[in-house]
Amino acid sequence: MQEHSYRILVINPGSTSTKIGVFENDVLLMEKTIRHSSEEIGQFSSIIDQYEFRKQTILEALDEEGINISKLSAVCGRGGLLRPIEGGTYAVNDAMLADLKKGYSGQHASNLGGILAFEIATGLNIPSYIVDPVVVDELAPIARISGFSLIERKSIFHALNQKAVARRYAKKCGKAYEDMRLIVTHMGGGITVGVHENGRVIEVNNGLHGDGPFSPERAGTVPAGDLIDLCFSGEYYRHEIMKKLVGQGGLVSYLGTNDAVAVEKRIAKGDKEAELVYEAMAYQVAREIGSASAVLEGKIDAIILTGGLAYGKDFVEAISKRINWIADVVVQPGENELQALSEGAIRVLNGEEQAKVYPNLK
C-alpha cells in the first residue's frame, strides 16, 4: 500500500495526435487523444517547432476536463530517439533536451515527449521524466556480434511495454523485476522477443530493421543472398526495398493487409493461404522464443506474450503449443503506454528507484 498519493500527467506524442492521461497512483483519472489536423501540423517546418502549439493544446484539454494542474506531482513524457541508454526512469535534464531538439538518433514525434514534460513541469516547479525509450540498449557484448564485422547488432525494441509488463508480472509474483529471468514477446505492427535477465534486456531482436519473426507489416529476417540479388536487380530504389521490408512486409506482403482480425475472419471462411501465413507468423515467433530460451540456458521464470496480437486466442495458442514446455506462458494483451509512463514516474517518487541521469556527452 502506498503511503503517499501522487498525481502524474503523462504525455505520448504521435505524428498527428498527442495522447495524454492523468493518474492518481495507479488509478486513471482521465485520458484523451488530442488530434492534430494536417493544416495545424503543416504550419511548422520541423517536429520540434510544434512543442509550444502542442503544449497549449495539452493545457487547454486539461482545463476542459477540469484537471487542476497545480495538484500534479510530476509530468512524464514518452522517451524519444536519444542516445542508447540503459532502461529506467530518467529525469529530464539539459543534455537530454539538447539531444531531443536536434534529434540525436532521428526525427520523430516522440522526441517532443521529454520537451513537453519539462516545459509543463518547470512552470509548476515539479519534476519531469521519461521512461524506457525505444533506444534502451542493455545488450550483452556477445549479443552485439552479428557474424559480419562491418555490421553490429542493435537494440531497437518495444522497451516501454516490455519492461512494464515484466515489472507487473514480477510484482504479481512478489518478486523484484531485478530478480527475474523472463522472455517477453511484444506482438504488434512489429514483433520483438526480449531476454530479461535480472532487470536488463541482454538479448533482443531488432524489430524494426530485419531481425527476427515477420509481423503484420515487417518482413523480419530474410535470406541475405536473395535480398542482395533483389537490391541489385535494377528494379528497385533503396527506399522501395526498405518499404517492402518495413511497412509492406509480413502479412501485408502475402495477404495485402496488416489487420490480424481481418486475417482471422478469412481463415474462418476457409482461406487456406491466410491460414498458412498466419500459422507461419506464429511459428516464427515460437522459434524466436525457443532461441531466446537458450540464452538463459533454459532457466526461465515465465514467457510473457503482450501487445495487440496477444488478444488473438488462436494466434496465442499456435505459439503456446510450441513453447509451453520451456516455461509457463503468461498472456498480457495490449500495450498501455500511458500507464507504463505513470508507473515509471511513481517508482521514483515513492523511492522504489532513483531517477537516472541522462549522460552529458559532447
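Here is what the cut-offs are and how they apply
- Residues numbered from 1 in each chain as written.
- Predicted model: local features only at pLDDT ≥ 70, side-chain atom pairs only at ≥ 80, totals over all residues.
- Heavy atoms only, no water.
- Helix = DSSP H or I, 4+ residues; strand = E, 2+ residues; numbered from the N terminus.
- Buried < 20%, exposed > 50% of the residue type's maximum accessible area, 1.4 Å probe, protein only.
- Pairing = 2+ DSSP bridges.
- Axes fitted to C-alpha atoms, helices over the stretch in contact; angles between N-to-C directions.
- Contact = heavy atoms within 4.5 Å.
- 1 Å grid on protein atoms, 1.4 Å probe; cavity = no way out; pocket = protein on both sides within 12 Å on 5 of 7 lines; lining within 4 Å.
- Points joined across faces, edges and corners; volume = space filled by probe spheres on them.
- Nonpolar A, V, L, I, M, F, W, Y, C, P; charged D, E, K, R; others polar.
- Salt bridge = Lys/Arg side-chain N within 4 Å of Asp/Glu carboxyl O.

Peer 1: Can you explain unusual backbone geometry? Please cite residues and give values.
Peer 2: One non-glycine residue, Asn25, lies in the positive phi region at around 55 degrees. Counting through the fold element by element, Asn25 comes out in the loop between strand E2 (17-24) and strand E3 (27-35). Even without being glycine, Asn125 reaches a positive phi, approximately 60 degrees. The exposure class of Asn125 is exposed, given its relative accessible area of 73%.

Peer 1: For the sheet that holds strand E10 (residues 191-197), give the residues involved together with the corresponding values.
Peer 2: Sheet architecture is open: five strands sit in the order E11-E10-E9-E12-E13, paired in mixed fashion. Two strands in the sheet have a free side with no partner beyond their single neighbour: strand E11 (200-204) and strand E13 (329-333). Averaged over neighbouring strand pairs, the angle between their axes works out to 25 degrees when direction is ignored. Where E10 and E11 come together, four bridges link them in antiparallel fashion. Bridging across to E11, Glu197 finds its partner in Arg200. Those strands touched by helix H11 (residues 313-323) are strand E9 (181-187), strand E12 (302-307) and E13, and its axis lies near 160 degrees from that of E12.

Peer 1: Explain the pairing of strand E4 (residues 74-78) to me, and be specific about the residues and the numbers.
Peer 2: Most of E4 sits out of view: five of its five residues are buried. Pairing analysis gives four bridges linking strand E1 (residues 7-13) to E4, with the strands arranged parallel. Across the sheet, the residue bridging to Val10 is Cys76, located in E4.

Peer 1: Would you mind going over the environment of Arg347 in detail, with residue names and values included?
Peer 2: In this fold, Arg347 is placed in helix H12 (residues 337-349). Residues Arg347 and Gly88, 259 residues apart in the sequence, show an inter-C-alpha distance of 9.8 Å. When residues no more than four places from it in sequence are discounted, the contact partners of Arg347 are Thr89, Val131, Arg167, Glu352 and Glu353.

Peer 1: Lay out the layout of surface pockets in plain terms, naming residues and giving numbers.
Peer 2: By rolling a water-sized probe across the atoms, one finds the places where empty space is left. In this structure, the largest pocket encloses a volume near 1,200 Å³. As for the largest pocket, its lining consists of 44 residues, and the residues nearest its centre are Leu81, His108, Val134, Ile156 and Leu208. Taken together, the elements giving at least two residues each to the lining of the largest pocket come down to E1, E2 and E3. Taken together, the residues of the lining of the largest pocket sort by class into nine nonpolar, 22 polar and 13 charged. Lining the second largest pocket are 24 residues, with Ile151, His209, Gly210, Leu227 and Leu245 positioned closest to its centre. If you list the elements that add at least two residues to the lining of the second largest pocket, you get strand E7 (145-148), strand E8 (151-152), helix H6 (224-231) and helix H7 (238-245). When the residues that make up the lining of the second largest pocket are grouped by side-chain class, the tally is 13 nonpolar, six polar and five charged.

Peer 1: For the pattern of salt bridges, give the residues involved together with the corresponding values.
Peer 2: Pairs can form between side chains of opposite charge whenever their charged atoms are close. The full count for this structure, using the stated rule, is 22 salt bridges. Its salt-bridge partner being Arg78, residue Glu337 comes within 3.0 Å of it at the nearest N-O pair. Of this pair, Glu337 sits in helix H12 while Arg78 sits in strand E4, and the two are 259 residues apart along the sequence. Of the two residues, Glu337 and Arg78, neither departs from the other in class, the shared state being buried.

Peer 1: Account for the pairing of E7, with residues named and values stated.
Peer 2: In this sheet, E8 lies alongside E7 in antiparallel orientation, the contact comprising two bridges. The residue of E8 that forms the bridge with Ile145 is Glu152. With antiparallel pairing between neighbouring strands as the criterion, E7 and E8 make up a hairpin whose turn holds two residues.

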